[in-house]
Amino acid sequence: MITEYQQKLRERYLAATVMPAPEPWQPVLDRGTPIGGLLGIGFAVHPGSGHDLVMVISSDGHGLFDAITGEKIARDRDPAPETSTPDAHPDLTCPGLGPIAGVPVRIAGLFGGGLHSTTPDGWTVDVVSPEWPHDRVILSADGGSHKGPAGGSWWHIFHSEYSELRAAGFSPSGLTLAVATSSDVTLWTRPELHFAD
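What you see is a predicted model, and the numbers here were worked out from it, not measured in a lab. (Residues numbered from 1 in each chain as written. Predicted model: local features only at pLDDT ≥ 70, side-chain atom pairs only at ≥ 80, totals over all residues. Heavy atoms only, no water.)

Overview of the pattern of salt bridges
And step 1. Applying the stated criterion to the full structure yields six salt bridges.
And step 2. Salt bridges sharing common partners tie together Asp60, Arg75 and Arg77. (Salt bridge = Lys/Arg side-chain N within 4 Å of Asp/Glu carboxyl O.)

What follows is the structure, given as structure tokens:
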């Protein structure tokens, strides 16, 4: 049995339609990048540009994407069996590829782990499941309290009703937000952190 507060919270999430992320967040592509058999994702930093990179682990190999443009930078269709999934390492890492070749990248997803749920300047991302097993990703600027109607200080930005959610969270820099499902990855980016005066 759930409490009255829990029931009201559930109703609030159910009433919230999917909406665009607020400024300054911008979608990297019009829709998610399809990646069949996605197992997990992780973040790294491009050694030349300093851009956030997203490493994707799938049943079809490893891929590396620029988080600002969505461009695929590197691909390994046949990674070594001992490093093809992060569960072979206690810290859930896979070796990087392309410009981050050999650099271990922590992967969050099917095998465990997690991405950052907050940014240094106060954004929060939460996964809620008022209609389990369909997860909803909530972005908020109110510290995760989700008070009031959607679109004020919190936004329902993703609804995983067609694929299983693997991971949702921010890059360590706080400039990229990623949602990964078993079939795609969706990215949002912003140019800089913004601290209230």
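What follows continues from the structure just given.
Points about the environment of histidine 89
And step 1. Summarising the element assignment, histidine 89 is placed in the loop between strand S6 (72–76) and strand S7 (93–95).
And step 2. For histidine 89, a relative accessible area of 29% translates into the label partly exposed.
And step 3. Spatially, the C-alpha atom of histidine 89 lies 9.8 Å from that of arginine 106, the residues being 17 residues apart in sequence.
And step 4. Apart from residues no more than four positions distant in its own chain, histidine 89 is found in contact with Glu82 and Thr83. (Helix = DSSP H or I, 4+ residues; strand = E, 2+ residues; numbered from the N terminus. Buried < 20%, exposed > 50% of the residue type's maximum accessible area, 1.4 Å probe, protein only. Contact = heavy atoms within 4.5 Å.)

A word on the packing of aromatic side chains
And step 1. In total, this model carries four aromatic pairs according to the counting rule given.
And step 2. A centroid spacing of 5.8 Å and a plane angle of 85° characterise the contact between tyrosine 13 and tryptophan 154, whose relative ring orientation is edge-to-face. Within this pair, whereas tyrosine 13 is found in helix H1 (residues 4–15), its partner tryptophan 154 is found in strand S12 (residues 154–160), the two being separated by 141 residues in sequence.
And step 3. Tyrosine 13 gets classed as buried once you look at its relative accessible area, which sits at 8%. (Phe/Tyr/Trp six-rings, centres within 6.5 Å; stacked < 30°, edge-to-face > 60°.)

Section: empty space enclosed by the protein
And step 1. Applying the stated criterion to the full structure yields two cavities of 30 Å³ or more.
And step 2. As a volume, the largest cavity reaches approximately 40 Å³.
And step 3. Partitioned by chemical class, the residues of the lining of the largest cavity number five nonpolar, two polar and no charged.
And step 4. Volume-wise, the second largest cavity comes out at about 30 Å³.
And step 5. Lining the second largest cavity, in full, are Val28, Leu29, Arg31, Gly32, Thr33, Val185, Thr186 and Leu187.
And step 6. Tallying contributions element by element places strand S15 (residues 184–189) first for the lining of the second largest cavity, with three residues.
And step 7. When grouped by side-chain class, the residues that make up the lining of the second largest cavity number four nonpolar, three polar and one charged. (1 Å grid on protein atoms, 1.4 Å probe; cavity = no way out; pocket = protein on both sides within 12 Å on 5 of 7 lines; lining within 4 Å. Points joined across faces, edges and corners; volume = space filled by probe spheres on them. Nonpolar A, V, L, I, M, F, W, Y, C, P; charged D, E, K, R; others polar.)

Scope: geometric values only; no functional claims are made or implied.
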